[in-house]
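# Descriptive analysis of the structure
Each chain, written out:
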Amino acid sequence: MTAQCVLRMGHPILLQVAEPISEPGTDALHALIADMWETMAEYGGIGLAAPQIGISQRLVVFGLEEDTPPDADTIPPTVLTNPVITPLDDEMEHGWEACLSVPGMRGLVSRHTRIRYTGLDENGAVIDRQVEGYHARVVQHECDHLDGILYLQRMDDFTQFGFEPEMTERFSGASMQSEEDNDNEAHPVVA
Ligand code: NI
């Protein structure tokens, strides 16, 4: 396993629509996934999409188990190829997101609250889950990378975007909770 360099916003690969994974279970795919887990850990993310390390293929990894605050979801370590997301209803909610490809920044992003996502794992087994809240946000953030979309492109209010220390300072404490009525602040999506 080798940690790779994460591409940053401005690199053209991050704007591409990635290609489907044609064959699960190959040695090359397993090696790529191992590198992605390593890279994700190195950068302190909870998710990573293959295009972020320069591989324009429809593959994401994500998971959140350790150091999970009690008010956040636990997300099993997941490898997902060729994912398809279907919103379960029209409800949207705002939550804080950061991206390893946009280091140092944070923004408030509107996402579907409840989704179903399907795809195959690294060996071709079907994954089919219905999730909500934080878990749903992570998956939507990751899968957007496969379509060349960064979270900034999902934002509707750029007064809610800034450098992490300033945003943490500005929104620390109870005012944050009341202003946006979201419970993601304690553990923003970093993916
Ligand atoms: Ni990201």
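Please read all numbers here as calculations on a predicted model, not as lab measurements.

### Focus on the coordination of the nickel ion
- Here the nickel ion is held by Cys99 (SG), His141 (NE2), His145 (NE2) and Ala191 (O), and the distances to it run 2.1 to 2.3 Å.
- Around the nickel ion, the 4 donor atoms sit at angles spanning 88 to 140°, and that spread fits a shape best called irregular.
- If you list the donors of the nickel ion from N- to C-terminus, the spacing comes out as C-x41-H-x3-H-x45-A. With Cys99 in strand 4 (residues 92–99) and His145 in helix 2 (residues 133–145), the pair connects residues that are 46 residues apart, well separated along the chain. As far as burial versus exposure is concerned, Cys99 and His145 are alike and both buried.

### Re the pattern of salt bridges
- Throughout the structure, instances matching the rule amount to 8 salt bridges.
- Here Asp147 makes a salt bridge to Arg58, at a shortest N to O gap of 2.9 Å. Of the two residues, Asp147 is situated in the loop between helix 2 and strand 8 (161–163) and Arg58 in the loop between strand 1 (47–49) and strand 2 (59–64); the sequence distance between them amounts to 89 residues.
- Look at Asp147 and you get partly exposed, because its relative accessible area is 35%.
- For Arg114, the salt bridge is made with Glu91, and the minimal N-O distance between the two is 2.6 Å.

### With respect to the sheet that holds strand 9 (residues 189–190)
- One open sheet accounts for 4 strands, arranged 8-5-4-9; its pairing is mixed. Each end of this open sheet is capped by a strand with a single partner; those strands are strand 8 and strand 9.
- Note that strand 5 (residues 102–112) and strand 8 share 3 bridges and pair antiparallel. Looking at strand 8, one finds that Arg106 is bridged to Gly162.
- Together, strand 4, strand 5 and strand 9 form the strand contacts of helix 2, whose direction differs from that of strand 4 by roughly 60°.

### Description of the sheet that holds strand 7 (residues 126–132)
- Ordered by their spatial adjacency, 5 strands build an open sheet running 1-2-3-6-7, and the pairing between neighbours is antiparallel. Either end of the sheet is taken by a strand with one partner, and the two such strands are strand 1 and strand 7. Averaged over all adjacent pairs, the angle separating strand axes in this sheet is 35°, with direction ignored.
- Note: strand 1 against strand 2, 3 bridges, orientation antiparallel.

### Notes on the nonpolar core
- Counting residues in each nonpolar core, the largest one holds 19 residues, and the members touching the most others are Phe62, Tyr117, Tyr134 and Val138.
- Only strand 2, strand 3 (75–87), strand 6 (114–120), strand 7 and helix 2 provide two or more residues apiece to this core.
- Looking at this core, the element that brings in the most residues is helix 2, giving 5 residues.
- Formed by 14 residues, the second largest nonpolar core is a distinct cluster that contains Met36, Leu48, Leu59 and Val61.

The rules behind these values
- Residues numbered from 1 in each chain as written.
- Predicted model: local features only at pLDDT ≥ 70, side-chain atom pairs only at ≥ 80, totals over all residues.
- Heavy atoms only, no water.
- Donors = N, O, S within 2.8 Å, 3.2 Å for Na, K, Ca; no water.
- Tetrahedral: all angles 85-135°; square planar, octahedral: opposite > 155°, others 65-115°.
- Helix = DSSP H or I, 4+ residues; strand = E, 2+ residues; numbered from the N terminus.
- Buried < 20%, exposed > 50% of the residue type's maximum accessible area, 1.4 Å probe, protein only.
- Salt bridge = Lys/Arg side-chain N within 4 Å of Asp/Glu carboxyl O.
- Pairing = 2+ DSSP bridges.
- Contact = heavy atoms within 4.5 Å.
- Axes fitted to C-alpha atoms, helices over the stretch in contact; angles between N-to-C directions.
- Core = buried A, V, L, I, M, F, W, Y, C linked by side-chain atoms within 4.5 Å.

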